[in-house]
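Listed below, chain by chain, are the residues.
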Amino acid sequence: MNISLNHPLIKKSQSLIALFILCLFISLLSDKFMTSTNLWNVLRQISVNVCISVGMTLVVLMAGIDLSVGSILGLTAAICAGLLKNGLVFESMNLFVGFTVLGAILAAMLIGMALGLFNGWVITKFAIPPFVATLAMLTIARGLTMLYTEGIPISNLGPEFEFIGSGWILGIPVPVWISLIMVLIVVFLTNKTTFGRFIYAIGGNERAAFLSGISINKIKLTVYGIAGMMAAVGGVLVTSRLNSAQPNAGMSYELDSIAAVVIGGTSLSGGVGTVTGTVIGAVIIGVLNNGLVLLDVSPFWQQVVKGIVILLAVIIDKMNQKNK
Amino acid sequence: MKVKQFSLILLTLVFVFGCSSNDKSEKPKIAVVVSTLNNPWFVMLAESAAKNAEKLGYEAKIFDSQNNPAVESDNFENLISSGYDAILLNPTDSDGSISNVLKAKTAGIPVFCMDREINADDAATSQILSDNYSGCVSIGIEFVKELKEKGNYVEILGLVGDNNTWARSGGFHSVVDKFPNLKMVAQQSGNFDRNKAMEVLETIMQANPDIDAVFCGNDAMAMGAFQALQSAGKAYKVKIFGFDGAGDVIEKIREKKIVATGMQFPVVMAQTAAQYADEYFKGRRIFPQRVPVEVELVNAANIKDY
C-alpha cells in the first residue's frame, strides 16, 4: 500500500485524486450534483478565484505572497464600473471622456497591473517582506475603493457588460472561457518560457538564481504586476456577474486564493508547484462549497469542514516532501 | 545622528504645541462610532449622524470599528483621551460593546446608541433602535399571506456571527413556523453579500428546483437572489422578500419583481441621536432608555409612498 502511494504518478496527481474522491462522495449523497447545470454553476462560480489564484501561484512559486488581491479586485471593479457608467470628467478643462466596455475593462486591468507593480517595487526596492508590503496594499486599495464609491454600489452597467458575467458562448459560460484563457496564458508562461523557469529558480534558491545572473528584481516586479492584473480580471468578472460593483467586493478573496494554491500542491516556501495544480485546488474549493450547500449543511459546520480540507492538503503535501 | 536630533526637536515641538492645543475649543466635539463602513447602509447611518451633528453646530468625526468590539474599544479609548464630548454609537455587538460604553460613561461622556441595541439599561444615555425582530415579524406575516400558508421556501441568512442576522431570522420564524405547510427546504448564509447570496441560491436551486419563495436577511442578498432566479428563468414564480429598504430593492418592488422588504430608517435614527446629544449639551439629563424606530413594511400596496 505504502509503495503504491509513493508512486510518482500518484504523487503528481494527488490533488486530482482528492477531487475525484470528493466528487464521488458528494454525488453519492446528492443526485443533483452530477447535473450539467450544477457543474456549469460550479465552474462559473470558481472562475473569479481561478483568475486570482493563477496570479497568486506565480507569486507563491517565488516564495512570495500577495494579500492585496482581494482589495485590488474591489478597487478595479469599482473603477471599471465607474468609468463605464460615468466616464472621466475633468471639470477644470471642461472635458468628458466616455468609456466603451472594452475601454473600461482595459483601464481596470492596467490599474490592477499598476497596483501590482507598486507592490513589486516596494518589495524589491526596499527589501520589504511581501507579506507586509501587500498587507499595506490590502488596506490602501480597500480604502481607495471606499473613497471612490463613497461606500455605495455602482449598479446598472448595461446588457453588453452583463454578458461577460452571465452570457454563454458555444455552450460554455463566458466567465469560464475567460478564466480558461487566463490559465492557458499562465501555464504557457511557466512551462514554455525562460521567464517561467526563472520564477522556479528564484523560488528554489534566490541566492543561486542571483549568482547565475537572473535579474531577480525585474522578474519579481513582473510577477506582482501579473498578480494585480489577474485580480482586475476577477474584478471585471464579479462586477459583470452582478451588473453592479459592490464596495466590499473581493473581501477575503485572498484567503480563498491562497487556499487554492496550497491545496493544489504549491509549496509556500517556493520553487515547487504548478498552475494546473492550483486550478484543481480552486475546483476542489468550489465543489466543496457547492456540495456543502447542496446537502444543506449548517453554515457553522461549513467553515470547519473547509478548514479541515485545507489542513489535510497541506499535511499530505508535507508528508510527501519527507518521503522524497 | 541627524535623525536623533530631528526626532528630539519634533518631540519638543509636540510637547510645546501639543499641550497648548489641548485647550478646549468652543465647539463641542461629537464622535460617530460605527460598526462598519464596508456596508452602504452603515455608511449612510454614520454620514447622516455626522451631518446632523454638524448642522447643529458641532464638530463631528466618524470612526470605523470594523465589526470588531476590540477595535471599537480602541476607538473609545482614543476618543476619551482626545476629549470628545459625546458619542453617537452604532455598536458592534449587543454584549461586547457594553464595557466600551461603560468606559465612556465613567469618563463622563454621554453615549447614544443607534440602530443596534446593547444589553444594558444603565450604560448608554439613550438607545434609538431599529426593531429588527418585529420588523421581520411583519415580513413573516406578509410572507404567510403571499404564499397562502403553504409552499417550499429558502432562507438566506446574513453573517452567522452577527446579532442582526438572528434577530431577523428569529422574528421571521416566530410567525412562519406556526404554519406546518410552509416548509423551509434550505437555510444557508449569504454573508449579507450580493454575490455570495446569488451563488448560494444557484446551488440551492439545483437541490430544490421547486421553491416558491426566498427570504433574505438583507436587501443586498435579495438582489443577489433575484439575479440567480432571473438567470434561471424563475424570477416570475418565486417570491422574494428582503430587509433594509435599499434603493434597488424598492425599484424592484415597484416593478413587482420583489414582494416586500422592511424599510429601516437610518436617517431618522441618526437625526434623533444627534438631536439628543444637542439637548444633552443644553442641559437635558433625562432621556428614555430605549426609543424604538419602527420598521415599515414596503410592498406593492404602499410602494407609491417611497
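Reading the values: rules and limits
- Residues numbered from 1 in each chain as written.
- Chains lettered and ligands numbered in written order.
- Predicted model: local features only at pLDDT ≥ 70, side-chain atom pairs only at ≥ 80, totals over all residues.
- Heavy atoms only, no water.
- pLDDT = per-residue confidence, 0-100.
- Buried < 20%, exposed > 50% of the residue type's maximum accessible area, 1.4 Å probe, protein only.
- Helix = DSSP H or I, 4+ residues; strand = E, 2+ residues; numbered from the N terminus.
- Pairing = 2+ DSSP bridges.
- Right-handed = clockwise from strand over helix to strand, strands pointing away.
- Axes fitted to C-alpha atoms, helices over the stretch in contact; angles between N-to-C directions.
- Contact = heavy atoms within 4.5 Å.
- Buried area = accessible area lost by both parts, 1.4 Å probe.
- Salt bridge = Lys/Arg side-chain N within 4 Å of Asp/Glu carboxyl O.
- Polar contact = N/O pair within 3.5 Å; in protein donor to acceptor, adjacent residues only side chain to side chain.
- Nonpolar A, V, L, I, M, F, W, Y, C, P; charged D, E, K, R; others polar.

A. Quick look at the confidence of the model for chain B. Per-residue pLDDT for chain B has a mean of 89; in total, 92% of the residues score no lower than 70. On the interface metric, ipTM, the complex scores 0.77, and its pTM is 0.79.

B. Structural detail: the pairing of strand β4 (residues 111–115) of chain B. All names here are of chain B. Extensive coverage of β4 is indicated by the burial of five of its five residues. Where strand β3 (residues 86–89) lies against β4, three bridges are found, and the strand directions are parallel. Within β4, the position partnered with Ile 87 by the bridge is Val 111. Since β3 and β4 lie parallel, the crossover through helix α4 (residues 98–106) that links them has a hand, and here it is right-handed. With four bridges connecting them, β4 and strand β5 (residues 126–130) associate as parallel partners.

C. Structural context of the sheet that holds strand β7 (residues 182–189) of chain B. Residues and elements named next belong to chain B. One open sheet holds the four strands; their spatial order is β7-β6-β8-β9, and the pairing between them is parallel. Each edge of the open sheet carries a strand with a single partner, namely β7 and β9 (239–241). On average, each strand axis in the sheet is tilted by 20° relative to the strand beside it, whichever way the strands run.

D. Representation of the interface of chain B and chain A in the model. Each partner contributes to the interface: chain B provides 24 residues, whereas chain A provides 33 residues. Between chain B and chain A, a total of about 2,300 Å² is buried, with carbon and sulfur atoms accounting for 50% of that surface. The interface formed by chain B and chain A holds two salt bridges in total. Among the salt bridges present, the one from Glu 202 of chain B reaches Arg 44 of chain A, with a minimum N-O distance of 3.5 Å. Counting across the interface, chain B meets chain A through twelve residue pairs in polar contact (both at pLDDT 80 or more). Those elements that provide at least two residues to the side of chain B that touches chain A are α2 (40–55), β7 and α7 (194–207) of chain B. Per-element tally for the side of chain B that touches chain A: the top contributor is α7 of chain B, with ten residues. Along the lines of polarity and charge, the residues of the side of chain B that touches chain A split into twelve nonpolar, eight polar and four charged.

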